[in-house]
Amino acid sequence: MTAPDSSSPTPLSEVRKLPKTDLLLEAADRAGLVARLGRGPVVEAIREDLDRIRKAVLAGESCPTPGAIEEALLGRLAEVARGSLRPAVNATGVVIHTNLGRAPLSLEAIEAMRWAAAGYTNLELDLAAGERGDRYGHAEGALRRLTGAEGAVAVNNNAAAVMLALAALMEGRPSEVSASSPQPSPPARERGSQGDEAPEVVVSRGELVEIGGGFRIPDVLRRSGAALVEVGTTNRTYLGDFEEAIGPRTRILLSVHRSNFAVHGFTHDATLAELVSLARAKDLWVVDDLGSGSLLETRPFGLGDEPTVQARVAAGADLVCFSGDKLLGGPQAGILVGRREAIRRVKRHPLMRALRLDKVTIAALSATLAHYERGEAAREIPVWRAIALAPEALRARAEGWRAALGADGAACEVRPPGDADALAARLRRGDPPVVGRIEEGRVVLDPRTVMPGEDDALVRAIRASLASAGAAG
Ligand SMILES: *Cc1c(COP(=O)(O)O)cnc(C)c1O
């Protein structure tokens, strides 16, 4: 029936039968999509679709019916109308999930973002003196009190914090009294180069990590203008390795927390305290890239031992860098805390201006830090609430879902029936999108990271996905 014969249409005659742009535009209008998106984007989408189909048909593919063309177009436009960045249900059980936007914020942080965005603020105005104020100062007091550091400043993210820490400190030694005016930028040969003159940063080979999203410590080092000196081996690095690597151009000893993997077995690392005492003796800086940077002890929550920021400050690091949206549970930010002189050099560095925070983020960060100051972080900050959820609470929610879905699963999770990859894809494309994890060929939905109040929407989305699976299969 599909075999070509003398009566089969030619590609050219098929192309002539494609629906007209105006007809498709009317259909989009009837569906309310022109009102939602504006005429321009709809017309552009129609032209794109028709062009693509025309080319395919001329190349010999069969021509879709006008009905099918219209349906595909309206589906695509409805997807665009929902917006690119959308709320999603995190049913992965991974509390700090970079692809899902990391930390959800506390109610007070959200409220702070609202007023900061909606009106004017004293961002750079000292209200008492009526003079220009310090925009970097808003979160500094809280960060100092919470971490025990002499100084603190926040920038756009932790990658920026690490880059800035290295760029600012490699320009001189701790003993060198820094000028009070902004420092001139380093000579061109030091910038982004690894020439003979570049200051050196010493780091353990075992800590030359990629954090994800292409953030590689060696690349960041190079961008900051420093030359990288690797010491030790992947699994064993001793203080003596650092000591031997120190030369006349060495400025910084860098420690990097292995956030996303662990090295087990035959291992050794120099401790931060050891690096600090070596650095003091040799007039060098110590920068600690802590990554997650928890202010709470993690062990009582059943997590592995993560060093707290306070402990790293107490060990004497000149700068400790950590993220605002990992275990701190705040907005995307990179926080630097440390010794007065180091923080002063960071604030004066020309890159500081390029990496600084906006008022909305400063407001959310300050509100998040206030939870820690009031001793209520575990109760009010969503990431800690999720981490602290008791097994009974997880079991009760999972049982509720199972009852609504007729699914099975271990105590604290749900495993809907069906082909895992196909079901996971339908859940992701649902409304709201639901993201689970796949284990042993089954989709697993974990209540730990599903926000309070999302249960009904989640159950509806799962039902719809299972129903469309039934319809398809
Ligand atoms: C996550 C992480 C970073 C990057 O932090 P961002 O806030 O994502 O920029 C850097 N270093 C370590 C050790 C990390 O864990």
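Predicted, not measured: the structure shown is a model, and the values here were computed from it.

Asks: Help me get a handle on the sheet that holds strand β10 (residues 334-338), residues and values and all.
Replies: Sheet architecture is open: 7 strands sit in the order β4-β10-β9-β8-β7-β5-β6, paired in mixed fashion. Edge positions in the open sheet fall to β4 (151-155) and β6 (227-231), since each of these has one partner strand only. Adjacent strand axes in the sheet meet at a mean angle of 20° when their direction is disregarded. Where strand β5 (residues 200-204) and β6 come together, 5 bridges link them in parallel fashion. Bridge pairing in β6 places Val201 opposite Leu228.

Asks: How would you explain the nonpolar core if you had to name every residue and give the values?
Replies: Formed by 49 residues in total, the largest nonpolar core has its most connected members in Leu253, Val337, Leu369 and Tyr372. A per-element tally of this core places helix α11 (residues 272-282) first, with 5 residues. Sequence-distant contacts of Leu369, defined by excluding residues within four places in its chain, comprise Ala139, Ala142, Leu143, Leu146, Leu295 and Leu328. By size, the runner-up hydrophobic cluster in this structure holds 33 residues, among which are Met170, Leu254, Cys321 and Met352.

Asks: Summarise the pairing of strand β8 (residues 285-291); cite the residues concerned and give the values.
Replies: For β8, the buried fraction is high: 7 of the 7 residues fall into the buried class. Burial along β8 is two-sided: Trp285, Val287, Asp289 and Gly291 facing one way and Val286, Asp288 and Leu290 facing the other are all buried. Here strand β7 (residues 250-256) runs beside β8; their pairing, made up of 5 bridges, is parallel. Note that in β8 the partner of Leu254 across the bridge is Val287. The pairing of β8 with strand β9 (residues 319-323) spans 4 bridges and is classified as parallel. The residue of β9 that forms the bridge with Asp289 is Cys321. In terms of handedness, the path from β8 via helix α12 (residues 309-314) over to β9 forms a crossover that is right-handed.

Asks: Mind laying out the layout of surface pockets, listing which residues take part and the relevant values?
Replies: Over the atoms a probe the size of a water molecule is rolled, and this reveals where empty space is left. Computed from the structure, the second largest pocket encloses a volume of approximately 670 Å³. Lining the second largest pocket are 28 residues, and of these Ala88, Leu100, Arg102, Pro104 and Met451 lie nearest its centre. For the lining of the second largest pocket, the secondary-structure elements that each account for two or more residues are β1 (89-90) and α17 (382-388). Among the elements that take part in the lining of the second largest pocket, α17 stands out by supplying 4 residues, more than any other. Its residues placed into classes, the lining of the second largest pocket shows 17 nonpolar, 5 polar and 6 charged.

Asks: Mind laying out empty space enclosed by the protein, listing which residues take part and the relevant values?
Replies: Taken as a whole and assessed by the stated rule, the structure comprises 2 cavities of 30 Å³ or more. In this structure, the largest cavity occupies an estimated 80 Å³ of space. Together, Arg135, Tyr136, Ala139, Glu140, Leu143, Val153, Ala154, Leu357 and Ile362 line the largest cavity. Looking at the lining of the largest cavity, the elements with two or more residues in it are α7 (140-147) and β4. Taken together, the residues of the lining of the largest cavity break down into 7 nonpolar, no polar and 2 charged. In this structure, the second largest cavity spans a volume of roughly 50 Å³.

Asks: Go over the pattern of salt bridges, please, and point to the residues and values.
Replies: In this structure the tally under the stated criterion is 34 salt bridges. Arg374 serves as the salt-bridge partner of Glu108, at 3.0 Å between the closest nitrogen and oxygen. Of this pair, Glu108 sits in helix α6 (residues 107-118) while Arg374 sits in the loop between α15 (359-373) and α16 (377-380), and the two are 266 residues apart along the sequence. For Glu124, the salt bridge is made with Arg135, and the minimal N-O distance between the two is 2.8 Å. Taken together, the residues Glu124 in the loop between α6 and β2 (125-126) and Arg135 in the loop between β3 (131-132) and α7 connect sequence positions 11 residues apart.

Asks: Describe unusual backbone geometry, naming the residues involved and giving the relevant values.
Replies: Across the junction of Asp431 and Pro432, the peptide omega takes the value 0°, indicating a cis bond. When you line up the elements, Pro432 lands in the loop between α19 (420-428) and β11 (434-435). Here the phi dihedral of Arg102 falls at roughly 55°; this positive angle occurs in a residue that is not glycine. One can find Arg102 in the loop between β1 and α6.

Asks: Quick rundown of helix α2 (residues 21-30)? Include the residues and the values.
Replies: Listed as buried for α2 are Leu24, Leu25, Ala27 and Ala28. Projected down its long axis, α2 carries its buried residues within an arc of 160°, all on one side. Projecting away from the buried face of α2 at angles above 90 degrees are the exposed residues Asp22, Leu23 and Arg30. Those residues of α2 hidden inside the fold are in contact with α3 (33-37), α4 (39-58) and α5 (66-81). Phi turns positive one or two residues past the end of α2, at Gly32, with a value near 80°.

Asks: Give me the lowdown on the confidence of the model for the protein chain, citing residues and values where you can.
Replies: Caution is warranted with low-pLDDT regions, since their predicted coordinates should not be read in detail. With 90% of its residues at a pLDDT of at least 70, the protein chain reaches an overall mean of 89. Below pLDDT 50 for its whole length, residues 181-185 participates in 6 contacts with residues either more than four positions away or in separate chains.

Asks: Which residues make up the environment of Thr449, and what values go with them?
Replies: Along the polypeptide, Thr449 turns up in the loop between β13 (442-444) and α20 (455-472). In this structure Thr449 touches Asn90, Ala91, Thr92, Gly93, Val94 and Val95, once residues within four positions along its chain are discounted. From its side chain, Thr449 meets the backbone oxygen of Asn90 in a polar contact 2.8 Å long.

Asks: Describe in detail the packing of aromatic side chains, supporting the description with residues and values.
Replies: Overall, the coordinates contain 1 aromatic pair when judged by the stated rule. A ring pair is formed by Phe301 and Trp384, whose centres lie 4.7 Å apart and whose planes are at 50°; its orientation type is tilted. Taken together, the positions of Phe301 in the loop between β8 and α12 and Trp384 in helix α17 put the pair 83 residues apart, joining distant regions of the chain.

Asks: Tell me about the packing of α4 against α5, and please be specific about residues and values.
Replies: Two numbers describe how α4 lies on α5: the axes approach to 11 Å, and their chain directions differ by 135°. Between α4 and α5, the interaxial angle falls into the category oblique. Our pair here, α4 against α5, has a crossing hand that is right-handed. Contact residues: Val42, Ala45, Ile46, Glu48, Asp49 and Ile53 in α4; Ile69, Leu73, Arg76 and Leu77 in α5.

Conventions we followed
- Residues numbered from 1 in each chain as written.
- Predicted model: local features only at pLDDT ≥ 70, side-chain atom pairs only at ≥ 80, totals over all residues.
- Heavy atoms only, no water.
- Pairing = 2+ DSSP bridges.
- Helix = DSSP H or I, 4+ residues; strand = E, 2+ residues; numbered from the N terminus.
- Axes fitted to C-alpha atoms, helices over the stretch in contact; angles between N-to-C directions.
- Core = buried A, V, L, I, M, F, W, Y, C linked by side-chain atoms within 4.5 Å.
- Buried < 20%, exposed > 50% of the residue type's maximum accessible area, 1.4 Å probe, protein only.
- Contact = heavy atoms within 4.5 Å.
- Right-handed = clockwise from strand over helix to strand, strands pointing away.
- 1 Å grid on protein atoms, 1.4 Å probe; cavity = no way out; pocket = protein on both sides within 12 Å on 5 of 7 lines; lining within 4 Å.
- Points joined across faces, edges and corners; volume = space filled by probe spheres on them.
- Nonpolar A, V, L, I, M, F, W, Y, C, P; charged D, E, K, R; others polar.
- Salt bridge = Lys/Arg side-chain N within 4 Å of Asp/Glu carboxyl O.
- Arc of directions from axis to C-beta.
- pLDDT = per-residue confidence, 0-100.
- Polar contact = N/O pair within 3.5 Å; in protein donor to acceptor, adjacent residues only side chain to side chain.
- Phe/Tyr/Trp six-rings, centres within 6.5 Å; stacked < 30°, edge-to-face > 60°.
- Parallel < 35°, antiparallel > 145°, perpendicular 65-115°, else oblique.
- Left-handed = near helix turned anticlockwise from the far one by under 90°.

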